[in-house]
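Fold and contact review
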Amino acid sequence: MTHTGLFPHIEPFEQGMLPLDSIHTMYWEQSGKPDGVPVLFLHGGPGAGSTPAHRQFFDPDHYRIIIYDQRGAGRSTPLGETRDNTTPLLIEDIETLRQHLGIDKWLVFGGSWGSTLALAYGETHPDRCLGFILRGIFLCRTSEINWFLYGLRNFFPEAWREFVAPLSPIECCDILSTYYRLLMHPDPAIHMPAARSWGRYEGRCSTLLPSPETVDYFASDSVALGLARMEAHYFIHNIFLPENSLLENVEKLYHLPAVIVQGRYDAVCPIISAEDLHRAWPQADYVIVNDAGHSAWEPGIQTELIKATEAFKSKL
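These remarks concern the structure in this document. (Residues numbered from 1 in each chain as written. Predicted model: local features only at pLDDT ≥ 70, side-chain atom pairs only at ≥ 80, totals over all residues. Heavy atoms only, no water.)

**Here's the deal with unusual backbone geometry**
Each neighbour pair has its own omega, and for Gly-45 with Pro-46 the value is 5°, a cis peptide bond. With respect to the element layout, Pro-46 can be found in the loop between strand E3 (37–42) and strand E4 (63–68). Although it is not a glycine, Cys-140 sits at a positive phi angle of roughly 60°. For Cys-140, the position within the fold is in the loop between strand E6 (129–135) and helix H3 (142–149). (Helix = DSSP H or I, 4+ residues; strand = E, 2+ residues; numbered from the N terminus.)

**Focus: the pairing of E6**
Counting buried positions along E6 yields 6 of 7 residues, so the element is predominantly enclosed. Once the chain exits strand E5 (residues 106–111) it traverses helix H2 (residues 113–124) before rejoining the sheet at E6, and the crossover so formed is right-handed. As paired strands, E6 and strand E7 (residues 258–263) are joined by 4 bridges and run parallel to one another. Residue pairing for E7: Phe-132 is matched across the bridge by Ala-258. (Buried < 20%, exposed > 50% of the residue type's maximum accessible area, 1.4 Å probe, protein only. Right-handed = clockwise from strand over helix to strand, strands pointing away. Pairing = 2+ DSSP bridges.)

**Quick notes on the pairing of E4**
Counting buried positions over the 6 residues of E4 gives 6, a clear majority of the element. Burial along E4 is two-sided: the face carrying Tyr-63, Ile-65 and Ile-67 and the face carrying Arg-64, Ile-66 and Tyr-68 are both buried. In terms of strand pairing, strand E2 (residues 25–32) meets E4 through 5 bridges, oriented antiparallel. In the strand pairing of E4, Ser-31 is matched with Ile-65. Judged from the 5 bridges that link them, E3 and E4 form a sheet pairing that is parallel. Bridged to Val-37 within E4 is Tyr-63.

**Section: the side chain of Asp-266**
Among the secondary structure elements, Asp-266 is positioned in the loop between E7 and helix H10 (271–280). Buried charge without a partner: Asp-266 forms no salt bridge, and the closest opposite charge is Arg-135, 5.5 Å away. A distance of 3.4 Å separates a polar atom in the side chain of Asp-266 from a polar atom in the side chain of Gln-262. A distance of 2.8 Å separates a polar atom in the side chain of Asp-266 from the backbone nitrogen of Cys-269. Dropping the residues within four chain positions of it, Asp-266 is found in contact with Gly-136, Ile-271, Ala-292, Gly-293 and His-294. (Lys, Arg positive; Asp, Glu negative; His and termini not counted. Salt bridge = Lys/Arg side-chain N within 4 Å of Asp/Glu carboxyl O. Polar contact = N/O pair within 3.5 Å; in protein donor to acceptor, adjacent residues only side chain to side chain. Contact = heavy atoms within 4.5 Å.)

Take a look at the structure:
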């Protein structure tokens with residue numbers, strides 16, 4: 001019988017802080033089987049950070065599970081720091097971690113922004129990848145960013161009204177620039193309310209059914225600042241990559257096994273992006289979960305992600 005539930009909670013067998021440059025230091029950890037198949041977990045956001053529960057997508061008796069927090073996120077320091085924080089640098093950081101841990105190749109697992117970074121990393125270093133498990137596809141095109149800021153009000157009007165409540169009617173015409181200004185303000189009395197508002201908005205839109213726990217997590221101070229600041233920073237700079245570059249370069253991954261898991265009713269990262277990716281990458285397996293939204297913790301998506309990690313045992 002195929003295992004479909006979360007694996008038991010485990011603790012890391014190794015963890016550390018890896019200096020990246022004069023500003024940033026990366027938190028990383030390893031758990032599971034020290035000589036197992038390496039799998040890299042890429043968290044979402046950007047800026048959301050990782051949690052101990054993310055270890056539970058992988059069989060600890062088979063996988064060497066590598067989890068880390070990207071620049072400006074989670075336990076990496078400084079939290080919410082946007083200086084020297086770009087997609088090319090995040091790709092370099094992954095290579096720095098790989099070399100630090102002495103890993104030749106690894107399976108890459110990422111959802112939402114994690115799927116974005118997984119594609120960007122894979123297209124830059126395909127020779128370092130064993131395959132991909134991607135969820136809630138986000139290609140960071142202008143249309144997707146505009147959808148997040150404006151289109152979501154079609155499905156979550158109450159959440160959107162609360163999101164823009166601190167803004168004037170004129171500021172609502174450019175939500176991203178206004179929030180970016182608030183989030184980058186040095187005074188916590190200004191940037192923290194904006195961060196909590198951004199986090200609540202994303203949390204309320206992330207699940208098919210209301211999930212107060214998800215909202216509370218996204219709006220918590222330790223998550224909201226990194227999440228909101230990094231997302232606004234990356235969105236306003238068009239993720240520091242050419243428009244549509246992820247689709248245009250996906251042929252570099254054709255030879256690698258991949259699974260795309262997408263919630264049918266994902267409002268944060270609508271299914272059209274997963275459809276576009278699959279059409280550009282027909283070799284990838286494509287799984288649509290018909291009773292789910294965006295969150296990896298929704299039952300149907302969680303099940304399909306674990307089925308994918310189990311299926312890769314026989315592929316690698």
